[in-house]
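# Coordinate analysis (summary)
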Amino acid sequence: TRASGAWSAGIWFKPRVVNAAMSLMSKYDNTTGATQVEWDCALTSAGKPYIRVHDDSVPAYIGRLYNTALVAGTWNRLLFVDGGTNAATGIDIYLNGAVVDDTDDSSGVFVSMEDKTSLVRIGARFGAAAREQYADGMVAGGPCGPFFVQAAATAAQVKRDYQLGQMALGLA
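So, a few notes on the structure that sits alongside this text. (Residues numbered from 1 in each chain as written. Predicted model: local features only at pLDDT ≥ 70, side-chain atom pairs only at ≥ 80, totals over all residues. Heavy atoms only, no water.)

## Comments concerning the pattern of salt bridges
- Under the definition given, this model contains nine salt bridges.
- Arg125 is the partner of Asp40 in a salt bridge, and the nearest nitrogen-oxygen pair spans 2.7 Å. Pair noted here: Asp40 is in strand S3 (residues 36-43) and Arg125 is in strand S11 (residues 125-126), with a separation of 85 residues, a long-range link.
- You can call Asp40 buried: its relative accessible area is 1%.
- Measuring nitrogen to oxygen at the nearest pair gives 3.4 Å for the salt bridge that ties Lys116 to Glu114. Grouping residues by exposure puts Lys116 and Glu114 together as buried. (Salt bridge = Lys/Arg side-chain N within 4 Å of Asp/Glu carboxyl O. Helix = DSSP H or I, 4+ residues; strand = E, 2+ residues; numbered from the N terminus. Buried < 20%, exposed > 50% of the residue type's maximum accessible area, 1.4 Å probe, protein only.)

## Observations concerning helix H1 (residues 155-169)
- If you check H1, its first and last C-alpha atoms are 21 Å apart, about what 15 residues at 1.5 Å a residue would give, namely 21 Å.
- Of the positions making up H1, those classed as buried are Val158, Tyr162, Gly165 and Gln166. All buried residues of H1 lie within an arc of 105° about the axis, which places them on one face of the element. Away from the buried face of H1 by more than 90 degrees, exposed residues Ala156, Met167 and Ala168 are located.
- Against the buried residues of H1 lie strand S1 (7-15), strand S6 (76-82) and strand S7 (91-95).
- Gly170 lies just past H1 and shows a positive phi near 70°. (Expected span 1.5 Å × (residues − 1). Arc of directions from axis to C-beta. Contact = heavy atoms within 4.5 Å.)

## Notes on the side chain of Lys27
- One can find Lys27 in strand S2 (residues 22-29).
- Engagement of the side chain of Lys27 in a polar contact is seen with the backbone oxygen of Lys116, the distance being 3.2 Å. (Polar contact = N/O pair within 3.5 Å; in protein donor to acceptor, adjacent residues only side chain to side chain.)

Fair warning: the whole summary comes from geometry, so function is off the table for now.
Below, the structure written as structure tokens:
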């Protein structure tokens, strides 16, 4: 990921449960002594979507949270957008085509995300010694599969993406 650049990541996810922390998409390797942490798009242990963008050298992060839990057994289109502003106010969470984030989720003195070498992971992240926070549910594939682009999606693009996904998954 470009340091301080805009980016967007999206995923169709149907959680089986909403009572466990789950990493949906991440570029996050927190191996002890050799961290490579950039970003994590996830659910809290209460099923609430969040995004955190990390400054690995400090360490610190900025992020946003949607302070409402997803519903288990329901397809959700989550799209996470970082406008590249290096501020929590430049980050958005979209749920089913609408912006929903309502809470800052930040820690430490964030300067900038750094371009690290960790892999992008779907459905888990790498903790201190092993993968952790496995996503317990279904992830859509094919044309509805997870994506990452180095641009900030606009509200109109997010809405259209959601509409196309609904049709492809037979939800509309």
